[in-house]
Amino acid sequence: MTSIRLAPMSGERFPMAAERLAWAAKKWEKYRGRDIIPLWIADMDFPSAPAIRGALAAHVAHGNYGYTLAPRTLVGELAAYYAQHYAWSIEPDWIVWLPGLVVGLNLAVKTCCQPGESVLSFSPVYPPFLGAAPLQGCRTCVVPLALDETAAQQGILLYRVDFDRLAAALQPDTRLLLLCHPHNPVGSLFSADELAGLADFCRANDLLVCSDEVHCDLILDGTTAHVPFARVLAASAADEIARSITLHGPGKVFNLAGLGIAWAIIPDPALRRRFRSARQRLVPEACCFGYTALQAALRDGDPWRQELLATLRDRRDQVSAALDAMHLAHTHPAATYLTWIDCRRLAARVGSVAAWFEEHGVGLSDGDEFGAPGFLRLNFATDHALLAEALRRMAAAVAALDEDG
Ligand SMILES: Cc1ncc(COP(=O)(O)O)c(C=O)c1O
């Protein structure tokens, strides 16, 4: 087996950060000392934007990292960003700073439900969506997204909301819908009809909605505008926005997951008060460097983001071509840097397909954790040559299995 090269590539528009293991990157630590290329957890192998690194360097040089509030101008800059990028006018006092989005998902359940009540979540989905309700003493009602099996036969995975399944999953004690928008792991954008249908469903059943929009700045074509779900709610009647909690942060798009910076947007004052009180003494403030990084991202990050999207489009296409050649059906994601792969035919032969690919030198996320056994998620936000090597290993393993009959 070829061993993994950790040096940064020269000549790449987005070179890999050198030796992520030196800084204990979770993605790389999992396979330390083993010849397994990590394509699992959702962060990127690229350094963040130069503007962000420069602002952080200045903050580090200042030398005092005591208790820190969001800079006074930050909420205004964030509101201006929302107006410009998502045509959504938010009020500064709707924002509740958080050290991460997953904590926000859990707080949303704690805020919106009494113990024992239930929460709706689509599947497959990023695992904390399935776990948030049980962790807060509530129940998850899982609504499988509908997979177009005909398209899957032809190699492409397409998912859509099945409103009959949604209605069937609803219980008398359901209070909350957890929405992943754009959707991880399938990388799709909900259509305008689906979003309007979901807004109608929430209104008809008096549900609150927590919409995690962390991937909304990673719509890969660089031109499609993200539509916040709260805006969809407000389109039917202005006060419908009161049922929304929107979670967002720069962690995915600017590769800042380690900096602990995110926020909830909660327009309704009573819901916001309950959310704030649910976090008391349990949830720390956002990190001082997170605010600095966010401010730099809002001011100067967009040209870098556009270049990132171009790189990610190339990587996505590289993955799609390789998976086509392996005859594995997969998504061609509109958003995120994650490809979702149907490995059910392999799983029928090898059992855990994630463990089997690890044995063949590639570390992927196991679909089982997303509520979809037999599927895998591949993170393509890495170096071109490293990705090519991982895909070569996968292809060799699949070919050998196929030859075996
Ligand atoms: C949809 C979604 N929400 C939240 C997160 C994690 O957010 P945080 O690290 O801020 O808790 C991820 C990470 O992959 C994600 O995909």
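Residues numbered from 1 in each chain as written. Predicted model: local features only at pLDDT ≥ 70, side-chain atom pairs only at ≥ 80, totals over all residues. Heavy atoms only, no water.

1. With respect to the packing of aromatic side chains
Any aromatic ring pair is given by two values, namely how distant the centres are and how the planes are angled relative to each other. Using the criterion set out here, one finds 13 aromatic pairs in the structure. A ring pair is formed by Tyr82 and Tyr86, whose centres lie 5.0 Å apart and whose planes are at 75°; its orientation type is edge-to-face. You can see Tyr82 and its partner Tyr86 sitting in helix α3 (residues 74-86), four residues apart, about one turn around the helix. Each member of the pair, Tyr82 together with Tyr86, is buried. (Phe/Tyr/Trp six-rings, centres within 6.5 Å; stacked < 30°, edge-to-face > 60°. Helix = DSSP H or I, 4+ residues; strand = E, 2+ residues; numbered from the N terminus. Buried < 20%, exposed > 50% of the residue type's maximum accessible area, 1.4 Å probe, protein only.)

2. Re the site of the ligand
Neighbouring the ligand are the residues Ala42, Gly100, Leu101, Val102, Tyr126, Cys180, Asn184, Asp212, Val214, His215 and Lys252. In this structure, an oxygen atom belonging to the ligand sits 2.8 Å away from a side-chain N or O atom of Lys252. For the ligand, whose free accessible area comes to 400 Å², the fraction covered by protein is 85%. Of the residues in the shell around the ligand, the class split is six nonpolar, three polar and two charged. (Near = heavy atom within 4 Å. Polar contact = N/O pair within 3.5 Å; in protein donor to acceptor, adjacent residues only side chain to side chain. Areas by Shrake-Rupley, 256 points an atom, 1.4 Å probe, with all protein chains shown as cover. Nonpolar A, V, L, I, M, F, W, Y, C, P; charged D, E, K, R; others polar.)

3. Digging into helix α9 (residues 229-236)
The complete set of buried residues in α9 reads Phe229, Ala230, Val232 and Leu233. Down the axis of α9, the buried set is contained in an arc of 160°. They therefore lie on one face. Lining the buried residues of α9 we find β7 (174-180), α8 (192-204), β8 (208-212) and β9 (244-248). (Arc of directions from axis to C-beta. Contact = heavy atoms within 4.5 Å.)

4. What about the sheet that holds β7?
Either a parallel or an antiparallel arrangement is found when strands of a sheet pair, and the pairing is made through backbone hydrogen bonds. What the seven strands build is an open sheet, ordered β2-β10-β9-β8-β7-β3-β4; its pairing is mixed. Two strands close off the open sheet at either side, each with one partner strand: β2 (95-98) and β4 (139-144). Strand-to-strand, the axes of this sheet are offset by a mean angle of 20°, without reference to chain direction. Where β2 and strand β10 (residues 262-265) come together, four bridges link them in antiparallel fashion. Paired with Val96 across the strands is Ala264, a residue of β10. Across the face of the sheet, α8 comes into contact with β3 (118-123), β7 and β8 while running at roughly 165° to β7. (Pairing = 2+ DSSP bridges. Axes fitted to C-alpha atoms, helices over the stretch in contact; angles between N-to-C directions.)

5. What to know about the environment of Pro182
Looking at the element boundaries, Pro182 is found in the loop between β7 and α8. Sequence spacing of Pro182 and Ser277 is 95 residues, and the spatial spacing of their C-alpha atoms is 28 Å. Setting aside anything within four residues of it in sequence, one finds Pro182 in contact with Ser188, Leu189, His215, Cys216, His226 and Ala335.

6. A word on the nonpolar core
Counting residues in each nonpolar core, the largest one holds 56 residues, and the members touching the most others are Phe357, Leu378 and Met394. Contributions of two or more residues to this core are made by α2 (50-62), α11 (288-300), α12 (302-325), β11 (338-342), α14 (353-359), β14 (375-379) and α15 (384-403). Take this core: its biggest share by element is eight residues, from α15. When we break this core down by domain, the ones giving at least three residues each are domain 1 (20-49 + 302-403) and domain 2 (66-300). Leave out the neighbours within four places in its chain, and Met394 touches Leu323, Met326, Ile341, Phe357, Val362, Leu364 and Leu378. In this structure, Tyr159, Phe190, Ala199 and Leu233 belong to the second largest nonpolar core, which totals 31 residues. (Core = buried A, V, L, I, M, F, W, Y, C linked by side-chain atoms within 4.5 Å. Domains from an automatic or database assignment.)

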